[in-house]
Amino acid sequence: MSTVLDEIIAGVREDLAARERLVPAAEVARAAAARPAALDAWAALGGGAPAGDLRVIAEVKRRSPSKGALADIADPAALAAQYERGGASVISVLTEQRRFGGSIEDLDAVRAAVSIPVLRKDFTVEEYQITEARAHGADLVLLIVAALDDARLAGLLALTHELGMNALVETHTEEEVDRAAAAGARIVGVNVRNLKTLEIHRDVFGALAGRMPEGAVIVGESGVRGPDDVAHFARHGAGAVLVGEALVTDGDPRARIEEFKSAGAAAIAERLSAH
Ligand SMILES: O=P(O)(O)OC[C@@H](O)[C@@H](O)c1c[nH]c2ccccc12
């Protein structure tokens with residue numbers, strides 16, 4: 001059965017082939033090498049620090065396969081700057097074009113506007129995309145375990161680390177968490193949106209959080225609409241949440257981020273005091 005994920009990746013591969021013809025891999029590698037060093041997203045997300053704060057990864061997201069158009073983002077740089085002022089730790093920029101309406105230009109605009117780490121959010125299947133992300137100033141990339149076999153996951157993660165970047169390694173099942181851990185993932189996301197049905201199942205998070213590799217930053221992804229959703233992820237071990245829709249559709253994303261961070265910190269304090 002062909003799933004939404006398969007369909008998206010087929011489109012991504014076509015667009016990728018076109019970009020590779022335009023900008024050969026050697027040229028992208030030179031541009032990546034000329035960039036200042038990547039920022040440490042792992043540390044920015046609380047890696048190595050005692051639990052306490054809940055970090056927010058704030059996403060620039062124009063549309064989604066499940067909802068269609070979400071927001072008319074005329075100025076992604078201005079939006080990202082607002083996210084940063086609201087206290088986001090990382091900015092996520094969707095660059096997939098066909099389903100999410102993103103582009104490399106959005107990544108460029110955001111990179112130039114903020115001084116915190118930037119995640120290139122795309123369906124990464126080839127090394128070229130990682131080097132390209134670095135060439136455009138991204139500090140981390142998304143690796144979706146469901147889209148990669150073990151050898152490719154390991155290879156892409158190795159290149160990411162070679163380039164001085166981090167990867168947000170996205171999982172949906174226990175098996176995928178185990179594969180992420182075996183590959184050496186240091187930032188592990190649990191996407192509670194099922195990529196086959198596109199439905200949100202928040203309880204998936206708690207079931208997987210207990211299997212996470214020692215020392216990894218755990219990120220709750222998708223379906224954060226209000227402070228209760230953040231508290232749910234934080235209570236079950238998340239150090240960070242990734243939020244798109246709720247921020248792009250809100251008139252005051254700064255206030256929303258602040259609200260999410262305090263709800264998260266309160267839930268973490270509660271979890272720690274229960275032990
Ligand atoms: O808009 P939401 O429900 O806050 O979700 C954000 C983020 O989790 C979602 O955009 C996402 C998670 N994993 C992905 C993989 C590809 C594209 C998009 C995603």
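As a reminder, the structure under discussion sits directly above these lines.
Residues numbered from 1 in each chain as written. Predicted model: local features only at pLDDT ≥ 70, side-chain atom pairs only at ≥ 80, totals over all residues.

## Brief notes about the site of the ligand
Okay, step 1: N191, E221, S222, G244 and E245 are the nearest of the 14 residues found near the ligand.
Okay, step 2: Looking at the shell around the ligand, the elements that each hand over two or more residues are β10 (240–243) and α11 (245–248).
Okay, step 3: Partitioned by chemical class, the residues of the shell around the ligand number 4 nonpolar, 4 polar and 6 charged. (Near = placed C-beta within 6 Å. Helix = DSSP H or I, 4+ residues; strand = E, 2+ residues; numbered from the N terminus. Nonpolar A, V, L, I, M, F, W, Y, C, P; charged D, E, K, R; others polar.)

## Some thoughts on helix α6 (residues 127–135)
Okay, step 1: Across the 9 residues of α6, 7 count as buried, placing the element largely inside the fold.
Okay, step 2: Taken as a whole, α6 has its buried residues at Q129, I130, T131, E132, A133, R134 and A135.
Okay, step 3: Looking at the buried positions of α6, the neighbouring elements they touch are α1 (4–22), α2 (25–34), β5 (118–121), β6 (140–144) and α7 (150–162).
Okay, step 4: Phi turns positive, to about 90°, at G137, one or two residues after α6. (Buried ≥ 20, exposed ≤ 12 C-beta atoms within 10 Å, placed from the backbone. Contact = placed C-beta atoms within 7 Å.)

## Considerations on the packing of α2 against α6
Okay, step 1: Here α2 crosses α6 at 40°, and the two axes come no closer than 7 Å. One way to sum up the angle between α2 and α6 is to call them oblique. As for the relative orientation of α2 and α6, their crossing is left-handed in sense. Facing α2, whose interface residues are A25, V28, A29, A31 and A32, α6 presents Y128, T131, E132, R134 and A135. (Axes fitted to C-alpha atoms, helices over the stretch in contact; angles between N-to-C directions. Parallel < 35°, antiparallel > 145°, perpendicular 65-115°, else oblique. Left-handed = near helix turned anticlockwise from the far one by under 90°.)

## What about the sheet that holds strand β7 (residues 166–171)?
Okay, step 1: With respect to topology, 8 strands assemble into a closed barrel ordered β1-β4-β5-β6-β7-β8-β9-β10, the strand pairing being parallel. For this sheet the average axis-to-axis angle between neighbouring strands, irrespective of direction, equals 25°.
Okay, step 2: Pairing analysis gives 2 bridges linking β5 to β6, with the strands arranged parallel. The residue bridging R120 from the neighbouring strand is V141, located in β6.
Okay, step 3: Strands β1 (55–60) and β4 (90–94) of the sheet are contacted by helix α4 (residues 76–86), whose axis makes an angle of about 170° with β1.
Okay, step 4: Here helix α12 (residues 253–273) sits on the sheet in contact with β1 and β10, set at roughly 150° to β1. (Pairing = 2+ DSSP bridges.)

## Some points on α12
Okay, step 1: With 21 residues, α12 extends 30 Å between its outermost C-alpha atoms, agreeing within 8% with the 30 Å of an ideal straight helix rising 1.5 Å per residue.
Okay, step 2: Buried residues along α12 sit against β1, α4, α10 (227–235), β10 and α11. (Expected span 1.5 Å × (residues − 1).)

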